[in-house]
Every structure is written in structure tokens, then in C-alpha cells.
Amino acid sequence: MLAHALFSLATLATAVSAAPLAAPLEARASTLAASSSSNVDFNITYSSNRTEGLPTMLILATGGTIAGSSASNLDSTTYQAGVVGVGQLIQAVPELLNVSNVDGMQVSNIASESMPDSVVLKLTKLANKALCAPNATFDGVVITHGTDTLEETAFTMDVTLQCDKPVVVVGAMRPSTGRLSSNSPNNLLQAVTTASHPASRNRGALIVLNDRVCQAYYCEKTQANTVDTFDSPEPGYIGALLSDKLFYYSTAAQPTFKQTFDLSNVTALPDVDILYGYQGTDFGLLNATIADGAKGVVLAGTGAGSIPAAALHDIDAAAAKGFPLVRSSKINVGAAVPGDAGYDSMIAGGLLNPVKSRRLLQILLALNKTNDEIRDAFEGKLDSYLSYKPGSS
Ligand code: DGL
């Protein structure tokens with residue numbers, strides 16, 4: 001088995017060494033143009049042999065370290081992300097075919113910090129078409145992705161998926177080639193194993209890395225360098241893999257605060273910026289951001305979303321004109337709660353960290369929700385818990 005794995009990685013390394021280190025710019029431009037259409041088509045470039053009785057997975061490859069390549073065996077920081085193609089990724093892990101039939105589509109091949117909204121929109125449309133359309137033939141979707149913004153795509157999948165089949169988002173912290181002990185092949189196998197398993201249904205989008213499964217709604221990157229970076233600090237992991245076997249700690253459940261939205265008729269996500277909070281800031285870039293065309297702003301406040309007094313004048317003035325501002329916490333764990341005194345003009349992000357608050361605000365604006373509806377989508381469910389009176393139903 002070890003010899004087999006080494007052979008697979010060697011095959012992959014050979015294939016990659018012949019590939020250019022980065023996709024040409026023209027190729028990226030055409031990918032982006034294609035992805036702005038409201039309807040999406042499958043462009044399957046890899047199809048495994050079919051084994052009867054096995055489920056069928058669609059792997060949507062987007063780039064990142066899991067598709068990265070390094071000339072050095074020890075490099076985990078300065079390698080090139082988004083190099084290896086989806087067919088090579090799949091063929092490097094033949095064990096995938098023991099758990100599933102697999103089709104692969106290359107949606108992009110980029111580092112995830114450069115992923116445009118149009119690609120994220122395309123991913124949710126592809127996943128919904130593959131899994132939830134009346135004639136859907138796939139049993140699960142796996143998205144391979146750079147870890148830096150993986151939680152943003154995974155959250156978007158979670159709140160836009162229209163059926164109970166699994167979407168699993170996976171990445172790696174060590175490039176798929178040229179690195180001792182890469183976690184890429186095993187993470188891909190575990191992601192496909194998870195997406196193929198019937199117990200993964202009705203749990204929304206999941207993030208799988210390093211033997212653990214967490215719900216995309218809560219899961220986030222917590223460490224810049226180490227392999228055990230994805231965590232869901234308060235709710236915890238919901239499942240794990242022992243060798244190649246998946247188990248869940250509890251029966252299927254959805255995040256309490258989650259609502260789902262249908263983006264099938266949305267052609268673009270409006271621009272929403274995040275402004276970072278720090279000691280004494282007056283969020284001086286707020287008016288520049290609005291003048292630059294942002295349709296909403298998320299304030300990554302300090303602590304539980306606290307905002308310095310010096311910033312409130314401009315914030316209140318913008319909100320009075322109907323400009324939506326969401327107050328979140330740069331701590332990433334914990335809540336910015338509704339009803340916090342002095343902050344009425346802002347919408348509380350609740351348990352959503354700034355990047356997830358941004359995605360939710362973009363989705364709500366894309367669906368032309370009113371400011372009251374936007375406030376209710378962020379605050380309503382948490383507020384119902386906070387305003388609960390003992391003895392009431
Ligand atoms: N910058 C990266 C990305 O998000 C590579 C890091 C990673 O995937 O872990 O694509």
C-alpha cells in the first residue's frame with residue numbers, strides 16, 4: 001500500500017513538473033467571463049470507470065495548496081498554489097474509486113485569496129444543479145479549495161444549497177507534490193469518503209481536513225501554518241475519520257441560526273467591504289468605501305463587536321441614508337449581539353465572523369431584501385433566544 005501511494009505521488013509529481021507554474025492570465029480572464037452567466041454547464045474533464053452500486057461524486061476543483069506544487073520536499077510556505085489539474089489530483093489517489101465513482105471539473109485553478117465572487121456563485125449553481133435539480137445524477141459534491149478563504153466558499157454553499165445531499169469543501173496545508181507528508185491526498189480521500197456516505201445527508205455543507213468534519217456554518221481557519229487549522233471552536237467537530245472510516249458524534253442536525261437562500265436567478269453578488277477594528281479607530285475609510293461603490297459594509301469590531309465612539313457619527317449618518325452596516329467581531333469566535341446600547345444603527349452579525357457576515361450580506365442584497373429583512377436575517381433567531389422569557393413557549 002505504501003509503495004502504491006508513493007508511486008501515485010511520483011506519477012503526480014512527474015505530471016506537474018511538466019505543467020506551467022501558473023495559469024496564463026488570458027485563461028483566467030475567460031474562466032471569469034464564463035462564470036458570470038446565470039446558467040452553468042458541466043464541463044467534466046475527468047470521469048472514472050463506473051462501479052455499479054457505488055455513489056457518484058462530482059469534484060469541483062478550484063486550486064489552492066491541495067492543487068499546489070513545490071520543488072522542495074520541505075516547503076510549506078513559499079510553494080505555488082493552484083497548479084495541479086483535477087484529473088491529476090484524482091488519479092493520484094486511486095483509493096477514491098473504492099468508495100465512489102468520480103467525475104472532475106476544473107472550475108478555476110487559483111489561490112483562494114484571488115477567487116472572484118463570480119466563481120463562488122458559479123460553484124453554488126453547479127452544486128445545486130448536480131445535486132438538487134429534478135434530473136440530478138450526483139450523490140455528493142466535493143470542492144477542492146485553497147484554505148485561506150475556504151470557509152467563505154463553504155459558508156456560501158451551506159446557506160444556498162437547496163437539498164439535503166452533501167457538499168464537502170476540502171483543502172490542504174501542504175502542497176500535493178514535493179512535500180514530505182503532504183496532507184493533500186488523504187484529505188481528498190476523506191472528503192470523498194464523507195460526501196459519499198449516507199450519514200452525511202441533511203447536515204448542510206461540511207469542511208473536512210485532517211481526520212475531522214465540521215459544519216461549514218461554524219467552521220473557520222484558526223492557524224496560519226499548521227495542518228490542524230480548521231476548527232469550530234464553540235460547537236466543535238461533528239464527525240471524524242478513523243483510518244478510512246467516517247463516523248458522526250450525533251444524528252444529523254442543521255445549525256440553529258442558518259437560513260437558506262436560492263441564488264438560481266442571481267447573476268452577480270454586490271460589493272461588500274470589511275473594515276478592520278482597532279484601538280481608537282474612527283473607521284475613516286467608511287465614506288471612501290461608500291463613495292467607491294460598496295453596497296454594504298461589515299465592521300470587524302473589537303471584542304464582541306465594539307465600535308469606538310469616534311466612528312459613530314459617520315456610521316449613523318450612513319445608516320440613516322439606508323446604507324447597511326453589519327457589526328461583527330474580529331475575534332472570530334463568540335457573538336456580536338443585537339440590542340447592544342448605542343449601536344442601533346448597525347445590524348448585529350450574531351455568531352457569524354466578519355467574512356461570513358460579508359457573504360450573508362452580499363446574498364441578502366443580491367436578493368433585493370429590505371433593510372428590515374436584512375436585520376431579521378442576521379438578528380432574528382439569536383434575538384428570539386435572547387428575549388426568551390422563562391415559562392413562555
Ligand atoms: N493562498 C492559498 C490559498 O488559499 C494557499 C494556501 C492553502 O491553500 O492552504 O489558495
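Residues numbered from 1 in each chain as written. Predicted model: local features only at pLDDT ≥ 70, side-chain atom pairs only at ≥ 80, totals over all residues. Heavy atoms only, no water.

Peer 1: Summarise the site of the ligand; cite the residues concerned and give the values.
Peer 2: Near the ligand you find Gly64, Thr65, Tyr79, Ala81, Ala111, Ser112, Glu113, Gly146, Thr147, Asp148, Ala172 and Met173, and these make up its full shell. A distance of 2.7 Å separates a nitrogen atom of the ligand from a polar side-chain atom of Glu113. With respect to the ligand, the backbone of Ala172 contributes an N or O atom lying 3.2 Å from an oxygen atom. Here the ligand loses 91% of its free accessible area of 290 Å² to cover by the protein chains. In the shell around the ligand, the residues fall into five nonpolar, five polar and two charged. (Near = heavy atom within 4 Å. Polar contact = N/O pair within 3.5 Å; in protein donor to acceptor, adjacent residues only side chain to side chain. Areas by Shrake-Rupley, 256 points an atom, 1.4 Å probe, with all protein chains shown as cover. Nonpolar A, V, L, I, M, F, W, Y, C, P; charged D, E, K, R; others polar.)

Peer 1: Please give an account of the sheet that holds strand S2 (residues 56-63) that cites residues and values.
Peer 2: With mixed pairing, nine strands are arranged side by side in an open sheet as S1-S3-S2-S4-S5-S6-S7-S10-S11. Of all strands in the sheet, those with a lone pairing partner are strand S1 (44-47) and strand S11 (245-248), marking the two edges. Ignoring strand direction, the axes of neighbouring strands in this sheet form an average angle of 25°. Direction of pairing for S2 relative to strand S4 (residues 140-144): parallel, over a ladder of five bridges. Residue pairing across strands places Leu58 opposite Val141, the latter belonging to S4. Of the strands in this sheet, S2, strand S3 (101-110), S4 and strand S5 (167-170) are in contact with helix H5 (residues 117-132), which crosses S3 at around 170°. Sitting on the sheet, helix H6 (residues 150-160) is in contact with S4, S5 and strand S6 (205-209), with an inclination near 150° to S6. (Pairing = 2+ DSSP bridges. Helix = DSSP H or I, 4+ residues; strand = E, 2+ residues; numbered from the N terminus. Axes fitted to C-alpha atoms, helices over the stretch in contact; angles between N-to-C directions. Contact = heavy atoms within 4.5 Å.)

Peer 1: Hey, could you go over the state of the cysteines for me, with residue numbers and the actual values?
Peer 2: Applying the stated criterion across every chain yields a total of two disulfides. The disulfide partner of Cys132 is Cys163, and the S-S distance across this bridge is 2.1 Å. When the S-S torsion is -65°, as for the bridge of Cys132 with Cys163, the disulfide is left-handed. Residue Cys132 is found in helix H5, and its partner Cys163 is found in the loop between H6 and S5; the two are separated by 31 residues along the sequence. Looking at Cys132, the relative accessible area reads 22%, which means it is partly exposed. In this model Cys214 forms its disulfide with Cys219; the gap between the sulfur atoms is 1.9 Å. Residue Cys214 shares its accessibility class with Cys219, and that shared class is buried. Numbered in order of appearance, the disulfide-bonded cysteines of the protein are paired 1-2, 3-4. (Disulfide = S-S within 2.5 Å. Buried < 20%, exposed > 50% of the residue type's maximum accessible area, 1.4 Å probe, protein only.)

Peer 1: Go over the UniProt feature "active site" (unreviewed entry) in the protein with me, naming the residues and quoting the values.
Peer 2: Here, the residues flagged by UniProt with the feature "active site" (unreviewed entry) are Thr65 and Thr147. In three dimensions, the annotated residues from a span of 83 residues occupy one location, with a maximal C-alpha spread of 7.4 Å. The residues touching Thr65, leaving out its near neighbours within four places in the chain, are Tyr79, Ala81, Gly146, Ala172, Met173, Arg174, Pro175, Ser176 and Ser184. You can see Thr147 is positioned in the loop between S4 and H6. Residue class for Thr147 comes out buried when judged on its relative accessible area of 4%. In contact with Thr147, other than residues within four places in its own chain, are Ser112, Gly171, Ala172, Met173, Leu209, Lys221 and Phe230. (UniProt positions renumbered as here; feature names shortened; annotations may be inferred.)

Peer 1: Give a detailed account of the packing of H5 against H6, specifying residues and quantitative values.
Peer 2: When two helices pack together, their arrangement is given by the angle between the helix axes and the distance between those axes. Packing of H5 against H6 brings their axes to within 10 Å, and their N-to-C directions diverge by 45°. Viewed along their axes, H5 and H6 adopt a mutual orientation that is oblique. Regarding H5 and H6, the two cross each other, and that crossing is right-handed. Within the contact between the two elements, H5 uses Val120, Leu123, Thr124, Ala127 and Asn128 and H6 uses Thr153, Thr156, Met157 and Thr160. Counted by class, the contact of H5 with H6 contains four nonpolar, five polar and no charged residues. (Parallel < 35°, antiparallel > 145°, perpendicular 65-115°, else oblique. Left-handed = near helix turned anticlockwise from the far one by under 90°.)

Peer 1: Which residues make up a nonpolar patch on the surface, and what are the values?
Peer 2: Taken together, Val337, Tyr385 and Leu386 make up a surface patch of nonpolar side chains, about 290 Å² in accessible area. Within the element layout of this structure, Val337 appears in the loop between strand S14 (325-329) and strand S15 (347-348). (Patch = residues over 30% accessible without salt bridge, like charges linked within 9 Å, V, L, I, M, F, W, Y side chains within 5 Å. Salt bridge = Lys/Arg side-chain N within 4 Å of Asp/Glu carboxyl O.)

Peer 1: I'd like a rundown of the packing of aromatic side chains, residues and numbers included.
Peer 2: All chains considered together, the criterion is met by five aromatic pairs. With 5.1 Å between their ring centres and 80° between their planes, Tyr217 and Tyr218 make a pair best called edge-to-face. In this pair, the class of Tyr217 matches that of Tyr218, namely buried. Measuring from ring centre to ring centre gives 5.1 Å for Phe247 and Tyr249, while their planes differ by 85°; the resulting arrangement is edge-to-face. Taken together, the ring pairs connect Phe155, Tyr217 and Tyr218 into an aromatic cluster. Positioned above the aromatic ring of Phe42, the side-chain terminus of Lys129 is 5.3 Å from the ring centre. A cation sits over an aromatic face here: Arg203 above Tyr248, 3.6 Å from the ring centre. (Phe/Tyr/Trp six-rings, centres within 6.5 Å; stacked < 30°, edge-to-face > 60°. Lys NZ or Arg CZ within 6 Å of the ring centre and 35° of its normal.)

Peer 1: Can you break down the environment of Ser328 residue by residue, with the values?
Peer 2: Within the secondary structure, Ser328 sits in strand S14. Relative accessible area serves as the criterion here: at 0%, Ser328 is assigned to the buried category. Taking the C-alpha atoms as reference points, Ser328 and Leu299, 29 residues apart in sequence, are found 6.0 Å from one another. Beyond its immediate sequence surroundings of up to four residues, Ser328 is in contact with Val298, Leu299, Ala300, Gly301, Gly305, Ala336, Leu352, Asn353, Pro354 and Ser357. A polar atom in the side chain of Ser328 sits 3.0 Å from the backbone oxygen of Leu352.

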